[in-house]
Amino acid sequence: MKHSATLGLSILLLATGCIAASEPPVDAASPDAAPAAPVDSAPPDSAEPAPTPAPLANDPDLAEELRRLAAEYEVPAMGAATLRPGAPPRGAVVGNRRVGEADPARSSDAWHLGSNGKAMTAAAIYLAAEAGLLGTQATLSEVFPTVGVHPDHASTTLYDLLVHRGGLPDNDELPAAALAALRAGGASPTLRAGLVEAILEAPPAVDPSRTRYSNYAYVTAGTALETRHPGTFEEILERTLFDRLGLGSCGFGPPSGESGALSGHLTTAAGLRPDAGDNPAWASPTGGVHCSLLDWVRFIGWMTGAAPTDAPRALLAALAEPVVGRVPGWEVVAQPWASTPILVHLGTNGRWFSTAWVVPAEGRVYVATSNSGAREANEAINAAIAWMVRRDSDT
């Protein structure tokens, strides 16, 4: 299959690269300054639930481009959306929910976001800090006082985990006790707690000061929330983030619905095959969320300040005027078309692809999704975002 050349813009094939990140200063009066003791009941709501948003505004020119890309890259369905200052989110969805079936994808359909869910975990940590439940500068021994944290993890903080520092292992580096905890089975919170205990009691897999992408850093961060909030990580995210922002389409695992839903697709020797599989449920903090395009764009605008927001001050400060490297939930890269470095992230569970590019200082958000885990699907969504950026740059 021959594909046309992508745009003159830099196309980010986002990998899990290791880039140093600068830690923002912490105000001594900030709720981030110190951890709080666990609580037995939910904190009072800090805001009324968000009103129901208007539907995603249709973007016919984007739809035409997505149809071209979906055909060229052989992707069953694609979606993309953009947010600009002073305008409602607009976007388009094209293709079919399952390969070979005439069941069109809808603008209200949810897409699996893979590791783009990490930004939501990071946001939930900062909301907990704002409520005085824990601090982003709390060390792991302070967050997990009943765990015998290895001395080499002693100075690692929650913030370090959110920017992929701390020396946590990769899949092939898990200590034997962590593997045993997973084999023991049980509910997701039990599995997470056993896994995190085993990881933190073992020496770091790499130098803790080194930045290296780690899914287990975010599993640990999600488990930290469970030590301060009642309920499971999934219930905490629903209560503190989804309900707060009115993200009614967002949930966990592959999308589902009474009127049907998009299906992910695996690559096989015979071509793409619909597949409803996902990562293990205990891995939700690292990338188990699904959302519609509209709700995903609205969340990003809220988290990054690209749209009017009541997000925690400390979170907005951590993401403002970023330098190349890592900030909570995001990688930061320089692009010639943006006035400042931009926030980016890629997500996949092997059956879906999603990517987001954000210029908070300019109020610009671009997202694209596909319901295929094939390499070509990743190329297609990067090309879709580059097309949206080029269109905005030409106007």
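Everything quoted here is computed from the prediction, not taken from an experiment.

*Asks:* Where do I start with helix α8 (residues 233-245) in this structure?
*Replies:* A turn of α-helix holds 3.6 residues, and therefore any two residues three or four places apart point the same way. Taking 1.5 Å of rise per residue, 13 residues should cover 18 Å, and α8 covers 17 Å from first to last C-alpha, within 8% of that figure. The largest bend along α8 reaches roughly 30° and is located at R239. For α8, the full list of buried residues reads F233, E234, I236, L237, T240, L241, F242, R244 and L245. Two residues or fewer past α8, G246 is found with a positive phi of approximately 70°.

*Asks:* What is the right way to read the state of the cysteines from this model?
*Replies:* A disulfide bridge is the covalent bond that connects two cysteines by way of their sulfur atoms. Applying the stated criterion across every chain, the model contains one disulfide. What pairs with C250 in a disulfide is C291, and their sulfur atoms sit 2.0 Å apart. Classification of the bridge connecting C250 and C291 rests on its S-S torsion, roughly 120°, and on that basis the disulfide is right-handed. Here C250 is found in the loop between α8 and β5 (251-252), whereas its partner C291 is found in strand β8 (residues 289-292), with 41 residues between them in sequence. Here C250 matches C291 in class, with each residue buried.

*Asks:* What exactly am I supposed to notice about the nonpolar core here?
*Replies:* In summary, soluble globular proteins display a tendency toward joint burial of nonpolar side chains. Membership of the largest hydrophobic core comes to 81 residues, with the highest contact counts inside it found for L241, F299, M303 and W330. If you tally residues by element for this core, the top one is helix α2 (residues 118-130), at nine residues. The contacts of F299, once residues within four sequence positions are left out, are A119, M120, A123, L241, L245 and L247. Core analysis: the next-biggest nonpolar cluster, separate from the first, contains 31 residues, Y73, A338, F353 and A377 among them.

What counts and how
Residues numbered from 1 in each chain as written. Predicted model: local features only at pLDDT ≥ 70, side-chain atom pairs only at ≥ 80, totals over all residues. Heavy atoms only, no water. Helix = DSSP H or I, 4+ residues; strand = E, 2+ residues; numbered from the N terminus. Expected span 1.5 Å × (residues − 1). Bend = angle between axes of the 7 residues up to and from the residue. Buried < 20%, exposed > 50% of the residue type's maximum accessible area, 1.4 Å probe, protein only. Disulfide = S-S within 2.5 Å. Core = buried A, V, L, I, M, F, W, Y, C linked by side-chain atoms within 4.5 Å. Contact = heavy atoms within 4.5 Å.

None of the figures reported here should be taken as evidence of function without further support.
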